[in-house]
Amino acid sequence: MGNSYAGQLKTTRFEEVLHNSIEASLRSNNLVPRPIFSQLYLEAEQQLSSLEAGSRADNEEEEEEEEEEGSESCSPLSYQVKPPPEGCCTTDGFCQAGKDLRLVSISNEHIEVPSGFLLVGAKSPNLPDQLLVCAVDKRFLPDDNGHNALLGFSGNCVGCGKKGFCYFTEFSNHINLKLTTQPKKQKHLKYYLVRNAQGALTKGSVICWKGAEFRNRPPSSSTCSRTLFQLPESSGLSGSTSSEPVPAANPSAPTGTQQSAAATDHVPSTAALSSAVYNGKESPKQQLVKNNTSVLTRPSVLGTLTNTGPPKKRHKGWSPESPSSTETWNLQLNPQAPNRIKNDGGSLSSLPQPALVGPASSPVVGSGEPVSVPDNLLKICKAKPVILKGHGNFPYLCGNINDVIVSPLLYTCYRNSQSLSKAYEQYGASTIQPISEEMQLLLTVYYLVQLASDQVPLIEDLEQIFMRSWRESHLSEIRQYQQAAPQAFPQVPSQITPVTSAQLPWLAGLAASSCNNSVHIIECSYSLAEGLSEMFKLLIEGKLIKTNYVVIICASRNRAIDSCIVITGKYQARVLSESMLTPSDYQKEVNYQLVTGKAETLGSFFSTLCPEGDIDLLLEKFYQENQGHISSSLSASVNKSTAPNGTGAAVCTSYEIERHEIRPFQLAVAQKLLSHICSIADSSTQNLDLGSFEKIDFLICVPPSEVTYQQTLFHLWHSGILLELGLEKEHLTKQRVEQYVMKLDAEAQIKFKVFLHKSMQNPHTLFVLIHDHAHWDLMSAMHSIYPQAEVSTGLVDRLLNCREVKEAPNIVTLHVTSFPYALQTQHTHISPYNEIHWPSSYSNGVDLYHENKKYFGLSEFIESTLSGHSIPLLRYDSSFEAMVMAVGKRFPRLHSAVIRTFVLIQHYSAAMMAVCGLSQMKNYTSVETLEITQNLINSSRQCPSGHGLMVVLRIPCTPLAAVAYERLHNVRERLALEDNFEIILGSPNSGITIGKHFVEQLKVWQKIEDVDWRPQTYLELEGLPCILIFSGMDPQGESLPRSLRYCDLRLINSSSLVRTTLEQELGLAAYFVSSEVHTEKAVVNDVLESDPEKLSSTDNEDEEVATEVTASCSESSPPLIAAGDTSKSLHQVRSNSAEETTSNYERQKQKVDKGAQTTTSKHLPPVAEQLDTKQNTKSAQISITSSSSSPFSSSSSSAPTHNSFTLQTSQCSMTKASKQPPIVFLPKLVYDIVTSTDSSGLPKSSSLLPYHSVTWASSFRPLMSKMMTCTEQSLYYRQWTVPKPIHMDYNNRNEGRMDTYHPRRLLLSGPPQIGKTGAYLQFLSILSRMLIRLTEVDVYDEEEININIKEESDQYYHQPGDLWPDLEKFKKMPFDYTIHDPKYEDASLICSKLQTVNSEDRSMSRRQEDMYTRRQTTRMRLSKYAAYNTYHHCEQCHQYMGFNPTYQLYESTLHAFAFSYSMLGEEIQLHFIIPKSKEHHFVFSQPGRQLESMRLPLVTDKSEDYIKSPTFTPTTGRHEHGLFNLYHAMDGASHLHVLVVKEYEMAIYKKYWPNHIMLVLPSIFNSAGVGAAHFLIKELSYHNLELERNRQEELGIKPQDIWPFIVISDDSCVMWNAVEVDYSGDRKSEYMWTERNVSLKHILQHIEATPNVTHYALIGMRKWSSKTNTAEIKEPFSCCHVHDFIMLNVDLTQNVQYNQNRFTCDDVDFNLRVHSAGLLICRFNHFSVMKKQIAVGGQRSFHIKSKVSDTPVSISPAQYICAPDSKHTFLAAPAQLLLEKYLQYHSHRFFPLSLKNYSHPVLSVDCYLNLGPQIAVCYVSSRPHSLNISSSSLTFSGLLLYLCDSFVVASFLKKFHFLKGATLCVICQDRNSLRQTVVRLELEDEWQFRLRDEFQTANAKEDRPLFFLTGRHI
């Protein structure tokens, strides 16, 4: 156990691992030794929970412990310390050189710590309270779990600086520990030392020796790792001997390690332990768990998990230059043997070539001696080698440099991986170092080693590998900084000694040794030049035929390494070199090869392949032989299909035209858009003032595709939006619709200028600029990598980002796209809050939007490829790929796009010939192409009307598309298939051209009568059998019809892949299928459509796609019947009756499935897969009915609705196609990327670079996850992507961040073809409706009530045109007691004389809760003179509202104002809140600024811009909705407006209305009603009038000259109207009148100007009604009740008070008092007020509930009163409110004789209380000299005495006559006053009382209930 080897650390890391491996094998229970190399470079678990964790960890700990105990026990009792050298220092705390080591002394000194060393604190037994500072090599210290410490010691003295102590014994002597036992580092090195925030060295966490934490771990870790990772003994496979690979589960998926690591808390946050993705696919973890076998396939390279610990015994060869065990990284590379088992491919090309690099063929600038590229390199090698520049210097290339390609891609990747991410900068650059160059290169080699022969390296994979390696090696540091209190982590200088450059070539060679020579390592001594020369030499000699990658390393001890990687594999080199071309270079290259005739060699090559001779000759021969026969038979079938209905020929009933309708999803998205617009408007930034807009206008920008343009026009036309928004009138023309859609082409600028001009001319119109397909052109207008000929490039930037659009306050920009990633960068203009994502259809398994169609998008297509699904919708064609690869090797100079296109055309041509009878041609096509062609050609024959399938053949390169079109056109013609199907060349810049015959067919199907009609969109090709050759570099938003069956994407550019490109290509196939149909079943049966011989037509087993039809059948389709049953099944299907088919869906399904058959004759068309049930109970056929003049008309007459099911012998293919999603064929490379997923299930394609013109912000980014929502993905891209200089957002940078977002810009994203166009058109519709709604208001529109009771007299006191009342005439007018305001329809009638009222008229017409909901309203457009609530903001009233910065919110002051009032018997103290801006309306005392009075003008004052009367508005519960903004109503005139609020609402009102004066009622009125507010307003105003008279009297003004009027207005008065009378008739008695909206200023100034105005006590106006008749305004002035908006003369009404206790009818009560006091009440009938219906606040804010429980229980009005002293439930409500409500609904209990007895009313003394509509009352005043009606002729049915005062005396009551049995009700404040009143008024003389007739309101005693006494008249 001595320290014999500890100091000799000179051998290599390899020896150390070897030792490790041998020791582990000896100790392990495992039979299989773990391969050495895997320990070095394959994934490693951080702690000892690896292969043998469970079986070995505890044993080892115990073993070591025993050793230590043993060694200690056998040592002598006292440890013999060597005597120190003479003359040295022996003081405790100092070293032998006399330097102080105590922490307290040297904590602030700078200490040099060598790399790889840590400062630790040693404990000296003689200094118990001190720590001594030591520097120790951290490899000899344990990790945070107490493990992995090397045995032995290496340390330095920090005092004297002496280095190289190799024994702890020696070191303890040097630092004077003076130990009595054997020195052990475990005992004496106690703490890590760390620097605190001040830089001082302090004691850190305890050094975790002996694995204390590990012992306490949960038991699951050991058992789990043991069961999952041990190889079964019975497997018979040894990792070291297995030579043949076994395609088993991937042993690298660390299912168990994740658990065990989690148990010990060592899983990094970025899930570095999850299965890595290699080029596409991870091996499924589920299989690993299920099989529990980990079969090793490549012994020398692969193992399971590394032994993470160092050797437990001391040994030679633990090299200081090798990484310690803590630097294990988790690569989890794929162990499948690359040359045998095909894995999934990707492409390094996910990053296009950076702009800084020149042409792809020019070498990167080199250095040193030049290297000559040999001649004829391409000819010999059949491929241009791609040289990826790596580290260091790169030599010059000379000679034949056109035959090589040099790329900086790898160099960029290395450099990015070396730059620390911003996310980790918080940890400090000094502590966390980037991954070393040697490690980068080594990891790259290993990555290349595990690639299969048909795979291409992916830069994303490499970056992720670097990221994981870096994270793993710095895990403890990262986590130390992430935790608030560091536990067992020292502050380590991070990068533990890396692999040295000397070791690198050897390790790289070792890595490559097992890969069957696919990776070749060349080591150079001096420079890369010699390695490159050797590589060229080997290439020429043909020695690298099997080699795909050559790694050249120049490593020297003295300097950094130089490296490069040469891609020599033909396939890989081709893909990589082509990926470096920009889209325009790609087009140019292909065009060049076609123009120069290089591609023609392919044609001649193909002709040699066919043994029967040239295909063209075969075609010609076939044409000549079969001309007559075929044309006649085909034309017959075609003619049959187009036969009109009347001839009796069979007609396809399956075809129906889809009606345009808004789906629930689209409506939901439109509403989300609207809410975002509203939130922008509601924000305090004032970026969008919706209230100022009256209408909507819009412009839709689309890419320059003619089809997309026409498609958008079509949608716009059929949406009816232009008519709805009022932008266009009826009889739309196509030219008018075109004004609203703009193609982004050369002419766009003109249309856009018109749009901008319109927006400037119409500031009150909101313009919505919709940028559809918004990802299409994001080029910066400044930078364009495209040729200048393309005018459209950068147009979006030039137009949509121009200054005018950005600054226009009335333009909102909406970007709409399926691929928003390029608009979600660090520099985006769009705020994350302004993004709207298409909602998911399911949430927690609940279907959120019930739709009858199911959307099939990318995720559904991928899902169909998983096991358990019948037939995958995504497929690749292996025979096609093999052919392409073979031809590619033969023609190395041709671009693969050219080769792929020519091969595919050849396949299609051969397939067409095979279907037409040339069966020998089947061998020259693929199974997949044959299936497509066969179904296409047969589809129209199966349908009686000739409906067929669409096949989309995607050829991005336009010249190649033209070649394909010509060739296929020619083959079709030779085969006489011209009338069978159409071939259409779809080019972005041109419209659709199809043959006349097919146009006629479409017109018949779509019932179009227009002679000149031509299809302009692909959607209009529905049902047409055709091959659509879809060209253009990118799809531009074109939608495809429901008859699409195959989407052939085999020719898409698979070398240059980014997420947007890939997803938009796959988006072409996105599709809606009927959700009622079993899609799985439909897909299963698809095999039946194709050629029966297809199943055996290929020799290659790999190519047999879905041969096991029966095996893949789901429950819904029973096994198919044998061919012998064919005739029976046919007959059976035919004989199904119409009734049966529509009756039971299940029964029918079984029958149909029985009828399915596999036929052996290829000429017999397949019979019904399933009958088309038509579902006619659910959906009848509905077609678009539009006027025949419509240019887009799909139908000029509606299609008939079929109620009965027409039987068909064969089902229409198009109907089947519309019920199942299309099948998509992809290139193998793309298929692998799309179908492979990472550990979270995220498709590989999602983690690709999102867009060409953006780049990753850092290589050190976390992985995306499948669980990410759209919002989280957006935030991910916003953090981790930056635009390139060519991107239009590149310059949108600002350190303030928030400033970069444009406030009126939104982004709508949703899957392709899901209905975004319909959603944004619907959004325009509801936005328009909302704007109209914002400018409209619901006002009460009710006729006046009780008109029949009104006195009709022929006497008119005024002329209809009189402007003001004449005082003398007015005094003669009788007062109309009857209430006419419709809001009092439920109130008691007031009798003025003997009246006969129809009892039915006064019936109880409404319930209590109906009172507000059922009142009649009408919607009115707000005029410019309206009053507004808090939601209105416009520039004019900003200052009025207090939003002007001059008046800050806090600039208002609170003033107390007290006055005494005798009736209340106490002083009233009110508070005014007065904003600074309104102080000029008040008078303040000079020294203390006490509020003295409110200024009042003079009666004689006349001013046009001034309203004399102060306006008071009492309000409660309506801080947001009350109409207090009178700025526009007053037409800007100066006025004084006071809001009267309750104390508890003061703060909220002040917040919403900071610039309004508030009058705050005392707290005792918090629960009071409107009567209290009116009472206090009037009393305050009179008191203020007195004060002003006194103040102004001193100025010489007479008291009567002070203006005595105030206005009391409801908070719901919204607009005011005036009637204008026109006397233009012949006779003076004839006149016309019109009513118009006027300002409140006009009305008030008019009333204030009334002659003798101060003689009127109350002035009011009519309530507006649309039903006002001439009779009502014939008399311009009335003497009657006034409500809602009154002018009150506080001087005349000094002695008439409002009843402060009242909640309802207080204005009627007050009007009656005023009239009885002999004062004049005048109503101006020519003026009317409109009242808005406000659903919140007001008197409805009073809720009557139980005082006992808080649970809301509805309490009926009958429970509002109870007997005194009873145990009735008390209510929490004011007594007065309970009284009023009770009397309103139950007064018939008190006055039974009065019920509907209108001729005998109830006599009500001094008050008016509402006794309900079925009881009439007669009001009398007891005041002396008061005006009362003549009651001598009236006999009353009841008497109501309410809180009667001293004016009511017994003699007064004796004047009135009562019916026998009439009832009396006396109401008093308490029982005592009740008795006193009875006695004082001598009531017992005439009325009989009983004890049980006493009641009280249901209030508790402390709430002061009111008491009632009832009696009967004797």
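Structure's up top.
As the structure is a prediction and not an experimental result, all values here were calculated from the model. (Residues numbered from 1 in each chain as written. Predicted model: local features only at pLDDT ≥ 70, side-chain atom pairs only at ≥ 80, totals over all residues. Heavy atoms only, no water.)

Colleague: Is there a simple way to explain the overall build of the chain in this structure?
Modeller: Tallying secondary structure elements over the chain gives 55 helices and 56 strands in all. Counting all 1914 residues of the chain, 59% fall into the buried class. Total accessible area on the chain is roughly 77100 Å²; 51% of this is exposed by carbon and sulfur atoms. (Helix = DSSP H or I, 4+ residues; strand = E, 2+ residues; numbered from the N terminus. Buried < 20%, exposed > 50% of the residue type's maximum accessible area, 1.4 Å probe, protein only. Areas by Shrake-Rupley, 256 points an atom, 1.4 Å probe, with all protein chains shown as cover.)

Colleague: Help me out: how do you make sense of the side chain of Gln666 in this one?
Modeller: You can see Gln666 is positioned in helix H22 (residues 664-682). What makes Gln666 buried here is its relative accessible area of 6%. Those residues in contact with Gln666 that sit more than four places away from it in its chain are Glu661, Trp838, Gly1315, Gly1318 and Ala1319. (Contact = heavy atoms within 4.5 Å.)

Colleague: Sorry if this is basic, but what is going on with the state of the cysteines here?
Modeller: Each disulfide consists of a covalent bond between the sulfur atoms of two cysteine residues. For the structure on display, the rule yields 0 disulfides. For Cys1807, which is in no disulfide, the shortest distance to another cysteine sulfur is to Cys1844 and amounts to 9.4 Å. (Disulfide = S-S within 2.5 Å.)

Colleague: Would you mind showing me how to read helix H14 (residues 459-473) here?
Modeller: Note on helix geometry: an α-helix contains 3.6 residues per turn, so any two residues three or four positions apart are oriented the same way. For H14, which comprises 15 residues, the first-to-last C-alpha distance of 21 Å matches the rise-based estimate of 21 Å (1.5 Å per residue) to within 8%. With 15 of 15 residues buried, H14 lies mostly within the body of the structure. (Expected span 1.5 Å × (residues − 1).)

Colleague: For this particular structure, what's the right way to read the sheet that holds strand E10 (residues 519-524)?
Modeller: Backbone-to-backbone hydrogen bonds join strands into a sheet, with any given pair of strands oriented parallel or antiparallel. Strand order in this open sheet of 5 strands is E9-E7-E12-E11-E10, and the pairing throughout is mixed. The strands lining the two open edges of the sheet, one partner per strand, are strand E9 (405-407) and E10. Pairs of neighbouring strands in the sheet enclose a mean axial angle of 20°, with direction left out of account. Sheet topology places E10 next to strand E11 (residues 549-554); 6 bridges connect them, and they run parallel. (Pairing = 2+ DSSP bridges. Axes fitted to C-alpha atoms, helices over the stretch in contact; angles between N-to-C directions.)

Colleague: Where do I start with unusual backbone geometry in this structure?
Modeller: Most peptide bonds adopt trans geometry, and most residues besides glycine take a negative phi value. The phi dihedral of Asn176 is positive, around 60°, even though this residue is not glycine. Here Asn176 shows up in the loop between helix H5 (168-174) and helix H6 (185-188). Asn176 sits in the buried class, given a relative accessible area of 5%. If you check the backbone angles, Asp1806 has positive phi at about 65° while not being a glycine. Classification of Asp1806 by relative accessible area gives buried; the value is 13%.

Colleague: I keep staring at the environment of Pro988 and nothing clicks. Help me out?
Modeller: Summarising the element assignment, Pro988 is placed in the loop between strand E23 (982-986) and helix H34 (996-1006). Look at Pro988 and you get buried, because its relative accessible area is 11%. Along the chain, Pro988 and Gln1036 lie 48 residues apart, while their C-alpha atoms are 7.7 Å from each other. Sequence-distant contacts of Pro988, that is, excluding residues within four places in its chain, are made with Pro704, Ser705, Glu706, Ser1031, Gly1032 and Gln1036.

Colleague: Explain helix H49 (residues 1570-1593) here, please?
Modeller: Between its first and last C-alpha atoms H49 spans 34 Å; for 24 residues at 1.5 Å apiece the expected length is 34 Å, and the two agree. Of all the 24 residues making up H49, 17 are buried; the element is thus mostly covered by neighbouring parts of the structure.

Colleague: Any chance you could explain the packing of aromatic side chains here in plain terms?
Modeller: Think of a pair of aromatic rings as described by two things: how far the centres are apart, and how the planes are tilted against each other in angle. Evaluation of the coordinates by the stated rule reveals 39 aromatic pairs. Geometrically, the ring pair formed by Phe1790 and Phe1895 is tilted, given 5.8 Å between the ring centres and 40° between the ring planes. With Phe1790 in the loop between helix H53 (1775-1786) and strand E51 (1802-1805) and Phe1895 in strand E55 (residues 1887-1897), this residue pair connects regions lying 105 residues apart in the sequence. Phe1895 shares its class with Phe1790; the two are buried. One aromatic cluster is present, formed by Phe1836, Phe1852, Phe1856, Phe1858 and Trp1887 through successive ring pairs. In this structure, Lys854 packs its charged tip against the face of Phe856, placed 4.6 Å from the ring centre. (Phe/Tyr/Trp six-rings, centres within 6.5 Å; stacked < 30°, edge-to-face > 60°. Lys NZ or Arg CZ within 6 Å of the ring centre and 35° of its normal.)

Colleague: Is there a simple way to explain the environment of Arg1045 in this structure?
Modeller: With respect to the helices and strands, Arg1045 occurs in strand E25 (residues 1044-1048). For Arg1045, a relative accessible area of 2% gives the class buried. It is 8.3 Å that separates the C-alpha atoms of Arg1045 and Val952, two residues lying 93 residues apart in sequence. Looking at Arg1045, its side chain comes within polar contact range of the main-chain oxygen of Pro1221, at 3.1 Å. (Polar contact = N/O pair within 3.5 Å; in protein donor to acceptor, adjacent residues only side chain to side chain.)

Colleague: Which parts of the structure should I look at to understand the nonpolar core?
Modeller: Within soluble globular proteins, side chains that are nonpolar generally end up buried alongside one another. Judged by nonpolar contacts, the single largest core of 169 residues is most densely connected at Phe1472, Trp1616, Leu1841 and Leu1883. Looking at this core element by element, the count peaks at 8 residues for H49. Those residues in contact with Phe1472, other than ones at most four positions away along the chain, are Thr1453, Leu1454, His1455, Phe1457, Phe1482, Leu1491, Val1538, Ile1557, Met1558, Leu1559 and Leu1580. Counting 154 residues, the second-largest nonpolar core is a separate cluster that includes Cys413, Val590, Met950 and Cys957. (Core = buried A, V, L, I, M, F, W, Y, C linked by side-chain atoms within 4.5 Å.)

Colleague: Got a minute to help me understand the pattern of salt bridges in this structure?
Modeller: Two side chains that carry opposite charge are able to pair once their charged atoms sit near each other. According to the stated counting rule, one finds 58 salt bridges in the structure shown. With a shortest N-O distance of 3.1 Å, Lys758 and Asp697 are connected by a salt bridge. Of the two residues, Lys758 sits in helix H26 (residues 748-761) while Asp697 sits in strand E13 (residues 695-702), which places them 61 residues apart along the sequence. Of the residues examined, Lys758 reaches a relative accessible area of 30% and is grouped as partly exposed. When its relative accessible area of 6% is taken as the criterion, Asp697 is described as buried. (Salt bridge = Lys/Arg side-chain N within 4 Å of Asp/Glu carboxyl O.)

Colleague: Is there a simple way to think about the pairing of strand E7 (residues 386-389) in this case?
Modeller: Successive side chains on a regular strand alternate, one facing one side of the sheet and the next facing the other. Here E7 shows no split at all, with Val386 and Leu388 on one side and Ile387 and Lys389 on the other all buried. Two elements, E7 and strand E12 (residues 562-567), share 4 bridges in a ladder whose sense is antiparallel. Its bridge partner lying in E12, Val386 is registered against Ile567.

No statement about biological role is implied by the geometric values presented.
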